[in-house]
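# Coordinate analysis (summary)
Letter by letter, the chains look like this.
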Amino acid sequence: MNWEPLGDTALIFFSHRATPADRLAESASLAQHLQSFQIPEILDIVSSFDSVALHFRPLHAGLVREWLTSALLDPPRQQPLPTSTHEIPTFYDHAELTKISALLNLSPNEIIQSHSTAHYTVAALGFSPGFPYLLGLPKKLTLTRLKTPRPITAGTVAFAAHHAGIYPNDSLGGWHPIGKTSFPLFNLANNPPTPLKPGDSLRFKPLSSPPQTPTPNLDPPPPTQSPVLQITNPGPGTTIQDPGRSGFQHYGVSRGGSADRDSAAAANLLVGNPPEAPILEFCLQGPVLTALRDTTFAVVGGPPEVSGTTRSLKMGQSLDLRPNPSAAFGYLAISGGFDVPKILGSHATDVRAGFGGHQGRPLQTGDLLGQLPPRPAPRLAPGQHITWPQSGLQPQTLLIRVLPGLQHDLFDDPSQFALLDEHFTKTSRLDRTGARLEGPKLSLASPHNLTSQPVTLGTIQVPPDGLPIVLQSECQTIGGYPVIAHIIAADLPLFTRALPGTQIRFHPVNLDQAAEAFTLRLQELAFLQSALKLSTP
């Protein structure tokens, strides 16, 4: 079997069987086979329409390849997968059907008849937790995606291109909605959290009246005990994060976690926390906080005068992190860490899915944050600030190392040249899912229909407008845009913390160089950790 690098944090296999159904069957069977042999170094195994990806840390690449050799000594036999059949009760929305009717030249009843009598197969879970990509949409219902995504409510049944799907939660979507269902696609109380898996069969059953949306059987979050901080002004997109959650990408759950793991780790170390402690993350503009009791805090990536050092915040004092950010993403750590529940193995907020962190959402004015037991903090000399990892932001032009993407050779020669020889500018169109670049437009040599495949952090996708998007911590688990390159794991934090307007140059490296760079990054973090331990009482 031929396994190709997906950046320096994954390997991917593509099935080349004759039909979409055969490719899906081989990929799903292979994923199941490998899961039965899975070793701890494998963070996740994600299958899609015709592919399987193995996710791991860069330093484990060699071990994973050795494991693959032994795991595939007895190749998976092509036998029927243990699958389930699901019936999806659906109320078809005639207002939406009327819009689609004019596009397809079909009556609303013909659309319902065609959609509800088709047999579908779950090809992948992705985009958001539990979202099923379905094969089997009748050709007569083929429609291109909406040019502009629109708000879509949870339970919406929709289709686009050659696929059907169901939105598990409220989100923006570019598919054409045609109905609603109350079928539960994702529930944190269940194990596994989604009833669907690749290979399952599915049918839609028309309803005569709208379904009742079930009330989630979840207790309200308990009040924060002995809160330490109150949010006076949250700023845009301030959340609680940690290094993220692994092992749930095959359910469509983003790995998530801190956008800039280096800065988050440094802030935690400054107050005596382990690098993975729950931390407050803000984007471009920080929050205003009020102390409800004395605490020790550290900021990395915020205003320069408070960034990179340890300070005390007395009861009643306020801390304003809005002015002059020194990085695109900043972090505030308190001694002990923030007291939030652990969901699916992580404290991180998954904004798209609406769980984790503080009530599954960005922080709001008036929110109260609790504190885990405080730890002894390092004692820095008066005026002393650490410079790692912020020192990497000094140049006006950042040199970011990349590996070739799976579709690199499909791009025309001018685009391949421009990627490595021209400047790109990081724009203000950024969030936890991705960052837009401006610069030369990149184009495929010829039109090419791509099947959605697993993606990783640092993947550089190129949408139809030709302007690259760099995927960041809360990106989707699979994607359908062509991938021209991957930022190596060692350089992704540097790219992530760069402010809008920063000039970017991409430089090619190989996998050995990427591994060396990641090792150096870990050594730098270990050096900082050791130095701060020496100054801890």
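Just above sits the structure.
Let me sum up the structure you'll find in this document. This is a predicted model, so every value here is computed, not measured. (Residues numbered from 1 in each chain as written. Predicted model: local features only at pLDDT ≥ 70, side-chain atom pairs only at ≥ 80, totals over all residues. Heavy atoms only, no water.)

Before going further, it helps to spend a moment on unusual backbone geometry. Asn 191 connects to Pro 192 through a cis peptide bond whose omega is 5°. Inspection of the secondary structure assignment puts Pro 192 in the loop between strand S12 (176–181) and strand S13 (201–206). Between Trp 388 and Pro 389 the backbone carries a cis peptide bond, its omega angle lying at 5°. With respect to the helices and strands, Pro 389 occurs in the loop between strand S22 (368–369) and strand S23 (397–404). Positive phi is not limited to glycine here, since Gln 359 has a value of about 60°. Mapped onto the elements, Gln 359 comes out in the loop between strand S21 (329–334) and S22. (Helix = DSSP H or I, 4+ residues; strand = E, 2+ residues; numbered from the N terminus.)

With that out of the way, let us pick up the sheet that holds strand S15 (residues 239–241). With respect to topology, five strands assemble into an open sheet ordered S15-S16-S21-S18-S19, the strand pairing being antiparallel. Sheet topology places S15 and strand S19 (309–313) at the edges, where each strand pairs with a single neighbour. Adjacent strand axes in the sheet meet at a mean angle of 35°, parallel and antiparallel pairs treated alike. As paired strands, strand S18 (residues 295–300) and S19 are joined by five bridges and run antiparallel to one another. By the bridge assignment, Phe 297 is partnered in S19 with Arg 311. Lying on the sheet, helix H5 (residues 261–270) is in contact with strand S16 (279–283), S18, S19 and S21; it crosses S18 at an angle near 150°. (Pairing = 2+ DSSP bridges. Axes fitted to C-alpha atoms, helices over the stretch in contact; angles between N-to-C directions. Contact = heavy atoms within 4.5 Å.)

Residues Ile 400, Ile 460, Ile 484, Ile 487, Phe 495 and Phe 506 are the most contacted members of the largest nonpolar core, which totals 45 residues. It is H5 that contributes the most residues to this core, six residues altogether. Excluding its chain neighbours within four sequence positions, the residues that come into contact with Phe 506 are Ile 400, Val 402, Leu 419, Leu 420, Phe 424, Leu 437, Ile 460 and Ile 487. In terms of nonpolar packing, the next biggest core, distinct from the first, is built from 26 residues, Leu 97, Ile 111, Leu 125 and Leu 185 among them. (Core = buried A, V, L, I, M, F, W, Y, C linked by side-chain atoms within 4.5 Å. Buried < 20%, exposed > 50% of the residue type's maximum accessible area, 1.4 Å probe, protein only.)

The next subject is the side chain of Thr 9. Position of Thr 9 among the secondary structure elements: in the loop between strand S1 (3–5) and strand S2 (10–14). Residue classification places Thr 9 among the buried residues on the basis of a relative accessible area of 17%. Apart from the residues lying within four places of it in its own chain, the contact partners of Thr 9 are Leu 54, His 55, Phe 56, Pro 58, Thr 456 and Ala 489.

Turning to the pattern of salt bridges, a few remarks are in order. Inspection of the entire model under this criterion finds 13 salt bridges. Ionic pairing is found between Asp 260 and Arg 497, a salt bridge with its closest N-O pair at 2.8 Å. On the criterion of sequence distance, the pair formed by Asp 260 in the loop between S15 and H5 and Arg 497 in helix H7 (residues 492–497) is long-range, its members being 237 residues apart. Each member of the pair Asp 260 and Arg 497 is classed as buried. Its salt-bridge partner being Glu 474, residue Arg 432 comes within 2.9 Å of it at the nearest N-O pair. Of this pair, Arg 432 sits in the loop between strand S24 (424–430) and strand S25 (434–438) while Glu 474 sits in the loop between strand S28 (469–471) and strand S29 (478–479), and the two are 42 residues apart along the sequence. Residue Glu 474 is classed as buried on the basis of its relative accessible area of 3%. (Salt bridge = Lys/Arg side-chain N within 4 Å of Asp/Glu carboxyl O.)

One can describe the packing of helix H3 (residues 94–104) onto helix H4 (residues 108–117) by two numbers: an axis separation of 8 Å at closest approach and a directional angle of 95°. What the angle tells us is that H3 and H4 run roughly perpendicular. Residues His 94, Leu 97, Ile 100, Ser 101 and Leu 104 of H3 pack against Pro 108, Asn 109, Ile 111 and Ile 112 of H4. Taken together, the residues that form the contact of H3 with H4 break down as six nonpolar, three polar and no charged. (Parallel < 35°, antiparallel > 145°, perpendicular 65-115°, else oblique. Nonpolar A, V, L, I, M, F, W, Y, C, P; charged D, E, K, R; others polar.)

Given 3.6 residues per turn, any residue in an α-helix points the same way as the ones three and four places further on. Turning to helix H6 (residues 413–421), its buried residues number three or more, namely Ser 415, Ala 418 and Leu 419. Across the axial projection of H6, the buried residues extend over an arc of 105°, all falling on one side. Facing away from the buried surface of H6 by more than 90 degrees, the exposed residues are Asp 413 and Pro 414. (Arc of directions from axis to C-beta.)

Another aspect to go through is the pairing of S13. With six bridges joining them, strand S5 (residues 85–92) and S13 adopt parallel strand pairing. Each residue of the ladder has a partner; that of Thr 85, found in S13, is Ser 201. Strand direction decides the pairing type here: strand S6 (residues 120–125) and S13, joined by two bridges, are antiparallel. Across the sheet, residue Tyr 120 finds its bridge partner in S13, namely Leu 202.

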